Amino acid sequence: MMIMEEGRFCQWNVIRSLLAIVQWWAFNVTVIIMNKWIFQKLDFTYPLSVSCIHFVCSSIGAYVAIKVLKVKPLIQVDPGDRWRRIFPISLVFCINIVLGNVSLRYIPVSFMQTIKSFTPATTVILQWLVWRKYFDWRIWASLVPIVGGILLTSVTELSFNMFGFSAALLGCLATSTKTILAESLLHGYKFDSINTVYYMAPFATMILAVPALLLEGPGVAVWLQTHPSVFSSLVIIFSSGVMAFCLNFSIFYVIHSTTAVTFNVAGNLKVAVAVLISWLIFRNPISALNAVGCAVTLGGCTFYGYVSHFLSQQSPGTPRTPRTPRNRTEMLPLVNDKLDDKRGLEEEEGETVTLNQ
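Being a predicted model, the structure only gives us computed values, none of them experimental. (Residues numbered from 1 in each chain as written. Predicted model: local features only at pLDDT ≥ 70, side-chain atom pairs only at ≥ 80, totals over all residues. Heavy atoms only, no water.)

Requested: an account of the overall build of the protein chain, with residues and values cited.
A count of helical and extended segments in the protein chain gives 12 helices and 0 strands. Helices (α) and strands (β) of the protein chain occur, in sequence order from the N terminus, as α-α-α-α-α-α-α-α-α-α-α-α. Counting only residues that meet the buried cut, the protein chain has 48% of its 357 residues in that class. Of the accessible surface of the protein chain, which amounts to about 17400 Å², a share of 70% is contributed by carbon and sulfur atoms. (Helix = DSSP H or I, 4+ residues; strand = E, 2+ residues; numbered from the N terminus. Buried < 20%, exposed > 50% of the residue type's maximum accessible area, 1.4 Å probe, protein only. Areas by Shrake-Rupley, 256 points an atom, 1.4 Å probe, with all protein chains shown as cover.)

Quick rundown of a nonpolar patch on the surface? Include the residues and the values.
Taken together, W37, L276, I277, W279, L280, I281 and I286 make up a surface patch of nonpolar side chains, about 580 Å² in accessible area. I281 gets classed as partly exposed once you look at its relative accessible area, which sits at 38%. (Patch = residues over 30% accessible without salt bridge, like charges linked within 9 Å, V, L, I, M, F, W, Y side chains within 5 Å. Salt bridge = Lys/Arg side-chain N within 4 Å of Asp/Glu carboxyl O.)

Give me the lowdown on the nonpolar core, citing residues and values where you can.
Core analysis: the largest hydrophobic core is formed by 37 residues, its most contacted members being F44, I115, I139 and I237. Considering each element in turn, this core owes the most residues, 5 residues, to helix α1 (residues 2-40). In contact with I237, not counting residues within four places along its chain, are I38, L42, F44, I53 and W223. Ranked by size, the runner-up nonpolar core spans 36 residues in total, among them I75, I89, I97 and L186. (Core = buried A, V, L, I, M, F, W, Y, C linked by side-chain atoms within 4.5 Å. Contact = heavy atoms within 4.5 Å.)

Could you give me a rundown of the confidence of the model for the protein chain, with the residues and numbers involved?
Considering every residue of the protein chain, the mean pLDDT works out to 81; 83% of them sit at 70 or more. Across the protein chain, helix α2 (residues 47-68) holds the top mean pLDDT of 94, while helix α12 (residues 340-349) sits lowest at 34. Below pLDDT 50 for its whole length, residues 317-357 participates in 100 contacts with residues either more than four positions away or in separate chains. (pLDDT = per-residue confidence, 0-100.)

Lay out the pattern of salt bridges in plain terms, naming residues and giving numbers.
By the definition in use, this model includes 2 salt bridges. In this structure, the salt-bridge partner of D81 is R84, at a minimum N-O distance of 2.9 Å. With D81 and R84 both in helix α3 (residues 79-106) and 3 residues apart, this pair spans about one turn of that helix. Since its relative accessible area comes to 0%, D81 is described here as buried. Residue class for R84 comes out partly exposed when judged on its relative accessible area of 30%. Here R138 ties to D136 by a salt bridge, and the two come within 2.8 Å at their closest N and O atoms. Under the relative-accessibility criterion, R138 is labelled partly exposed at 27%.

Could you give me a rundown of the packing of aromatic side chains, with the residues and numbers involved?
Using the criterion set out here, one finds 15 aromatic pairs in the structure. Here the aromatic rings of W37 and F282 are separated by 6.3 Å at their centres, their planes lie at 50°, and the arrangement is tilted. With W37 in helix α1 and F282 in helix α10 (residues 260-282), this residue pair connects regions lying 245 residues apart in the sequence. For F282, a relative accessible area of 13% puts it in the buried group. (Phe/Tyr/Trp six-rings, centres within 6.5 Å; stacked < 30°, edge-to-face > 60°.)

Lay out the environment of A26 with the relevant residues and their values.
Along the chain, A26 turns up in helix α1. You can call A26 partly exposed: its relative accessible area is 37%.

Describe the packing of helix α5 (residues 119-130) against helix α7 (residues 162-185), with residues and values.
For any two helices packed against each other, one specifies the crossing angle of their axes together with the interaxial distance. It is the contact of α5 with α7, at a shortest axis distance of 8 Å, that shows an interaxial angle of 55°. Comparing the axis directions of α5 and α7 gives the class oblique. Here α5 and α7 pass one another in a crossing that is right-handed. Residues T119, T122, T123, L126 and Q127 of α5 lie in contact with α7, whose contacting residues are C172, L173, T175, S176, T177, I180 and E183. (Axes fitted to C-alpha atoms, helices over the stretch in contact; angles between N-to-C directions. Parallel < 35°, antiparallel > 145°, perpendicular 65-115°, else oblique. Left-handed = near helix turned anticlockwise from the far one by under 90°.)

Here it is as C-alpha cells:
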C-alpha cells in the first residue's frame, strides 16, 4: 500500500513539474511573440514605452499578489536598503529590459534569443575580470560551444542588424551585471520572483517614465491619432504587460517544482520553442548554418548548466569554486543584516532573484 502511495506521489511530482515547465514556456514565448508583434505588426516602434507599460503592470500585479491575494508573504526591507541595495539593481534591470525590447525591434526573435544565450559567458568573464573570481577549467571549456555557436549564428544571420545585435549583446552584459549585483547587494535577503518584482518594478517605472515620455511621447501621440485600430492595439500592448508579470509568477512556480538541472535544460528548450514558434509566425529566413549555430549555442548552455550544477554538488572535502568577492557597497552593513553564521546557510540554499523577459 505504501509503495503504491509513493508511486502516485512520484507521478504527481512529475506531472506537477511538467505543468510548471509548460506554463513557464507558454508565458515566456507569449511575451516574446507579443512584443515582436507590437513592434512589427502594430507598428508601435517604441521600446521604452512598451517596457514602461510592462513595469507598471508588473508593479500592480505584484502588489495585488502580495497585499490582496496573499500569494507570498512580503519580505520586509528597510527603506535605507531599498535605495542603497535595490535601486542600483533596479536601474540595471531596467536597462536590461529596455535593451531586450530594442533588440527585438530590429532583429528576429530567433537571433535575439540565441544571443541572449551568451549570458553565461558574459557572467563568467565579468566575474573573472572585475572580481578576479576563480573558475574551474570545466566551466571555461563549457563556454567554448556557446561562444562558437554565437559567432556562427551571427555570421550566417540573414536579417543581421548591427544596432539590434549590439543592443542584444549589451543586454547580456546587463543581465550578468544584474546577477552579480544581486549576489553582492542582496545578501541577507532571500527574494523570490514575486517580491523581487514588488520592489524593483516601481523603481524601474520611475527610472524609465521620464525618458520614455521625452524621447517617445510625441511619436506615441502621433501613433494614437493615425493608427487605424487604436483600441484593439492598446489591448494587445497592455495585455503584453500583464503577460510579463505572469511570466515572473510562473518562474516562481517552476523554480519550486523542478530541480536545478531540469530548470536549466527546460530553459534552453524554451529558447528552441520560442525560435520555432516565432519562425512559424513571422517567417524570418533562417539558413541551415544559422540553425546549426543556434543548436550548438543551446547545447553549450545545457552543458554549462550541467557542469555548474556538478561542481556545486561536490562533497564537502572537495575544493569548491570560491564565491564572488563582495564589493565596496557591501562593506556598508545592512540595517537588518543576518548574523554571519546564518548567512553561510542562506548562501548554500541560494538567493533567488529572477526577472526574465
